[in-house]
Amino acid sequence: MFNPKWNYSQISDSQLTWPHMFYQWLCIRTMEAYFLCKYKLRIKGRENKPKGFHSYVVACNHISLLDPSLVSLALDYQPIAYLAKIELYERFWLRLYNWGMSSIAVNRDKMELSSFKSALKVLKTGKWALGIFPEGTRSKTEEVGQAKRGVAYFSCSAKVPVLPLGLAQVERNGKIHLEVRIGKMIPCDGDMDSMTHKIEEAIHTLVEQAKNEP
């Protein structure tokens, strides 16, 4: 049951069960209708996503508040628990929404141990993916920011691969296009600095493809 006094950096066992999967699916289906009505949506690279539900880390650039819904839609409703800044839990309805979506609250100034444990718990389910925006915040420009090491840390700690994505909003003929590119899985190589660089380069390449492909 929703508890407004709960520590939202801790994810409960119930948040990783089918009712929350269904709630997430319902929210994404609703957002799909919004995307299709307002934008020209194009998704490429779905063949790089594993079939069915699996645990891995999803790493994507961050351009708007709608990114989690767009990423989940692009990945065919794969259950994803996103790391979300603690500020998104300040209002009741946002707390309720994020709780239902199985998001994990994160203090960006100093990540709490409970956030780390919750993220690893998600990756041990074998069905839920962990969603992270490696830049740590939304980009105020069209350029991809420097990736932080969190994605590589969770990947290597849980021994799961990373699936990179690139998002872009492009105006063509007076219509806003939402472009999504899904890259190939990046396995953990044990070197977090090297892996972080690979993830950053992969996202940058995917964003450039999203922006420039006709």
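Since the structure is predicted, the reported quantities are computational estimates derived from the model, not experimental observations. For every chain, the first residue of the written sequence is number 1, and numbering continues from 1 onward in sequence order. Given that the model is predicted, a residue must reach a pLDDT of at least 70 before its local features are reported, and side-chain atom pairs must reach 80 or more before they are shown or counted; all residues, however, enter totals for whole chains, interfaces and linings. As a convention, hydrogens and water are excluded, and side-chain values are obtained from all of the structure's heavy atoms.

1. Details of the nonpolar core
Generally speaking, nonpolar side chains in soluble globular proteins are found buried as a group. Put simply, buried Ala, Val, Leu, Ile, Met, Phe, Trp, Tyr and Cys residues joined by side-chain atoms within 4.5 Å make one nonpolar core. The classification of residues rests on relative accessible area computed with a 1.4 Å probe and restricted to protein chains. Under 20% of the type maximum is buried, over 50% is exposed, and intermediate values are partly exposed. Counting residues in hydrophobic clusters, the biggest one holds 26 residues, and the most contacted among them are Val57, Leu83, Val122, Leu130, Phe154, Val162 and Ile199. Secondary structure follows DSSP: runs of H or I at least 4 residues long count as helices, runs of E at least 2 residues long count as strands, and numbering of each begins at the N terminus. Broken down by secondary-structure element, the contributors of at least two residues to this core are β2 (57-60), β3 (80-85), β4 (104-106), α4 (113-123), β5 (129-132), α5 (150-158) and α6 (192-212). Judged by nonpolar contacts, the second largest core, of 24 residues, contains Val58, Leu70, Ala129 and Val180.

2. Digging into the confidence of the model for the chain
Per-residue confidence from the predictor is reported as pLDDT, a score between 0 and 100. Taken residue by residue, the chain gives an average pLDDT of 89. The fraction at 70 or more is 92%. Across residues 1-5, where pLDDT falls below 50, the model places eight contacts with residues more than four positions away in sequence or in other chains. Here, residues are in contact when the closest pair of their heavy atoms is within 4.5 Å.

3. Some points on the state of the cysteines
In this description, a disulfide is simply a cysteine sulfur pair whose atoms lie within 2.5 Å. Under the defined criterion, the tally for this structure stands at one disulfide. A disulfide bridge connects Cys156 with Cys188, and the sulfur atoms are separated by 2.1 Å. With the S-S bond torsion at 105 degrees, the cross-link from Cys156 to Cys188 turns out right-handed. Placement of Cys156 in helix α5 and of Cys188 in the loop between β7 (175-182) and α6 is noted, with a sequence separation of 32 residues between them. With no disulfide of its own, Cys27 lies closest to Cys37 among cysteine sulfurs, the gap being 17 Å. In this structure Cys60 is a free cysteine whose sulfur lies 19 Å from that of Cys27, the closest cysteine sulfur available. In this structure Cys60 comes out as buried when scored by relative accessible area, which is 1%.

4. Observations regarding the packing of helix α1 (residues 18-38) against helix α2 (residues 67-74)
To get an axis, fit a line to the C-alpha atoms, keeping to the stretch in contact for a helix; angles then go from 0 to 180 degrees between the N-to-C directions. Running from N to C, α1 and α2 cross one another at 100 degrees; their axes reach a closest spacing of 9 Å. As summarised for this structure, α1 and α2 are arranged roughly perpendicular, according to the angle between their axes. Taken together, the residues of α2 that come into contact with α1 (itself represented by Gln24, Ile28, Met31, Glu32 and Phe35) are Ser69, Leu70, Ser72 and Leu73. Partitioned by chemical class, the residues of the contact of α1 with α2 number five nonpolar, three polar and one charged. With respect to orientation, any angle under 35 degrees is reported as roughly parallel, any angle over 145 as roughly antiparallel, any angle of 65 to 115 as roughly perpendicular, and every other angle as oblique. Charged means Asp, Glu, Lys or Arg here, nonpolar means Ala, Val, Leu, Ile, Met, Phe, Trp, Tyr, Cys or Pro, and polar covers whatever is left, Gly included.

5. Considering the packing of aromatic side chains
For any pair of aromatic rings, the description consists of the separation of the ring centres together with the inter-plane angle of the planes. Any two rings among Phe, Tyr and Trp, with Trp reduced to its six-membered ring, count as a pair given centres within 6.5 Å; such a pair is stacked if its planes are under 30 degrees apart, edge-to-face if over 60, and tilted if neither. As enumerated under the stated definition, the model contains eleven aromatic pairs in all. Ring centres 6.2 Å apart and planes at 80 degrees place the aromatic pair Tyr34 and Tyr39 in the edge-to-face group. Among the residues examined, Tyr34 registers a relative accessible area of 32% and is labelled partly exposed. Ring geometry for Phe92 against Trp93: centres 5.0 Å apart, planes inclined by 75 degrees, an arrangement best described as edge-to-face. Under the relative-accessibility criterion, Phe92 is labelled partly exposed at 37%. Given the relative accessible area of 65%, Trp93 is considered exposed. Three or more aromatic residues link up through ring pairs in this structure, and these residues are Phe22, Trp25 and Tyr77.

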